Amino acid sequence: MGFIRVLTVFGTRPEAIKLFPVIHALEADHRFDNRTCVTGQHREILDQVLALAGIVPDHDLTLMRDGQTLDQLTARALTGIGQVLDAERPDWVVVQGDTTSAFAAALAAHYRKIPVCHVEAGLRSANTHHPWPEEANRRMISSFADLHCAPTQRAADALRTERGEGAQIHLTGNTVVDALEWVTQRIMQQPDLACGLAEWERRFTGRKILAVTTHRRENLGAGLINIARSVHEIARRSDIAVIFPVHPNPQVRSVMQAELGGRDNVALIEPLDYPHFARLLAISHLVLTDSGGVQEEAPSLGKPVLVPRETTERPEGIEAGTAKLVGTDPIVIEREIARLLDDPAAHAAMARAHNPYGDGRAAMRIGDLLAG
Ligand code: UD1
Ligand code: UDP
């Protein structure tokens, strides 16, 4: 019996984090010949993950350009990935989540009748504008994927309703839990992988750390300004410090620099590599984030998450009590942060270490499903 030829395609930081466990699993499994194609939708923050996980892509389309439109990115990704598929002719294409890279790769595969395995399938906010354009991307991928790897029972149920009884829908857990466990082990073996925050930790000794990340397209503009203003207000308190690795998107950077730059207890820093971000979560008292992946990681570490968005496709964290939607009204965000700083019972209620998103064995299950 020959190898099963898999082409794993991705382009952004969160896809790389959620797919490296799958790539590791496929590469350790003699049933597979796995090759990787990165679109380069992201650059520095993608390369950080590739270096950590020891992945050297077989193809790199270097698509990132400042200020390119979604249609430019989509068109270039679709044709670029199509050429790679024509050269590779894999048995499976694996994509993850809901980015433009994932959608273009799935579509290019579908156009060639190459089966698509969709990792983290079935997340739904029920609002095509939140998150935008991701809700539409993942629904489109689901409409033609051949193997749907659902992270939670809710996601599997949503897919079953949409795709019907005959569809290949499997509950695998979310590979982000595998990734976080892997990086936590690596840090235990090699603590200097995550020692780069020591200077901030020293400077902010005795203060509660608020970790912040933002990048959602639907928050660009007014939403981001509101989030920044809430952080600005809360940072007037002397008992807190903010550590904020700022997304490289210039539309995020300019707002954060203008609203938050130059304050002693607000560290606007470069994006952290994954071990350092895990360390930041570990030392934080609470997290304010519009990131999907961070909502899924923080519960493993017992950190309350406030989500400055109107909706979330990850209600499991809200139901488990580890995350709370706070919208983008600065007064509400500031009030919710203050509550978690001042009310130990409210903080403790959200800080239970329990992860509804997986058990750390998702990648192995996905490998078994691909093997058929
Ligand atoms: C994209 C994904 C989003 C995901 C997010 C994770 C789409 C439509 N959106 O967001 O689902 O949550 O990535 O971060 O696919 N940039 C750099 N260096 C980098 C990365 C980005 O300079 O390493 C700058 C570039 O100017 C780039 C801009 O940031 O054009 C935005 O990057 P982009 O991939 O378009 O991000 P989003 O679409 O916001
Ligand atoms: N992350 C990181 N460094 C940072 C910020 C985030 O390594 O400075 C990781 C984080 O742990 C999570 C992922 O990046 O696994 C989330 O990526 P992002 O927020 O860009 O995208 P989303 O998850 O919203 O699609």
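Structure: above.
All of the points below concern the structure found in this document.

Here is what the cut-offs are and how they apply
Residues numbered from 1 in each chain as written. Chains lettered and ligands numbered in written order. Predicted model: local features only at pLDDT ≥ 70, side-chain atom pairs only at ≥ 80, totals over all residues. Heavy atoms only, no water. Pairing = 2+ DSSP bridges. Helix = DSSP H or I, 4+ residues; strand = E, 2+ residues; numbered from the N terminus. Axes fitted to C-alpha atoms, helices over the stretch in contact; angles between N-to-C directions. Contact = heavy atoms within 4.5 Å. Near = heavy atom within 4 Å. Polar contact = N/O pair within 3.5 Å; in protein donor to acceptor, adjacent residues only side chain to side chain. Nonpolar A, V, L, I, M, F, W, Y, C, P; charged D, E, K, R; others polar. Salt bridge = Lys/Arg side-chain N within 4 Å of Asp/Glu carboxyl O. Buried < 20%, exposed > 50% of the residue type's maximum accessible area, 1.4 Å probe, protein only.

## Some words on the sheet that holds strand E13 (residues 323-325)
Part 1: Strand order in the open sheet formed by six strands is E10-E9-E8-E11-E12-E13, with parallel pairing between adjacent strands. Strands at the two margins of the open sheet, each flanked by one partner only, are strand E10 (266-269) and E13. Recorded for the sheet is a direction-independent mean angle of 20° between the axes of neighbouring strands.
Part 2: Contacts between helix H10 (residues 250-260) and the sheet are confined to strand E9 (240-245) and E10, with E10 contributing the most and set at about 155° to the helix.

## Here's the deal with the site of ligand 2
Part 1: Taken together, 16 residues surround ligand 2, and among them Leu-272, Ser-291, Gly-292, Gly-293 and Glu-297 come closest.
Part 2: Arg-13 is positioned such that a nitrogen or oxygen atom in its side chain is 2.9 Å from an oxygen atom of ligand 2.
Part 3: Between ligand 2 and the protein, one listed contact pairs an oxygen atom with a side-chain N or O atom of His-215 at 2.9 Å.
Part 4: For the shell around ligand 2, the elements supplying multiple residues, two or more each, are helix H1 (13-27), helix H11 (274-283) and helix H12 (292-297).
Part 5: The leading source of residues in the shell around ligand 2 is H12, at four residues.
Part 6: Taken together, the residues of the shell around ligand 2 sort by class into eight nonpolar, four polar and four charged.

## Quick look at the pattern of salt bridges
Part 1: This model, assessed by the stated rule, comprises 36 salt bridges.
Part 2: A salt bridge links Glu-296 to Lys-18, with the shortest nitrogen-to-oxygen separation between them at 2.8 Å. Taken together, the residues Glu-296 in helix H12 and Lys-18 in helix H1 connect sequence positions 278 residues apart.
Part 3: Judged by relative accessible area, which is 3%, Lys-18 ranks as buried.
Part 4: What you see here is one network of salt bridges that share partners, running through Lys-18, Asp-98, Glu-120, Arg-124, Glu-135, Arg-138, Arg-139, Glu-162, Glu-296, Arg-309, Glu-313 and Arg-314.

## Overview of unusual backbone geometry
Part 1: Cis peptide bonds are those with omega within 30 degrees of zero, and the linkage from His-130 to Pro-131 qualifies with -5°.
Part 2: Mapped onto the secondary structure, Pro-131 falls in the loop between strand E5 (116-119) and helix H5 (134-144).
Part 3: Cis geometry is adopted by the peptide bond preceding Pro-133, which originates at Trp-132 and carries an omega value of 5°.
Part 4: Phi is positive for Glu-120, close to 65°, though the residue is something other than glycine.
Part 5: Its identity as a non-glycine residue notwithstanding, Ala-126 has a phi of 70°, on the positive side.
Part 6: Among the structural elements, Ala-126 can be located in the loop between E5 and H5.

## Some words on the side chain of Gln-68
Part 1: Following the sequence through the fold, Gln-68 ends up in the loop between strand E3 (59-60) and helix H3 (70-88).
Part 2: The class of Gln-68 is buried, set by a relative accessible area of 17%.
Part 3: Here Leu-63 takes part through its backbone oxygen, which lies 2.9 Å from a polar atom of the side chain of Gln-68.
Part 4: Excluding residues within four positions of it along the chain, Gln-68 makes contact with Leu-63, Leu-73 and Arg-76.

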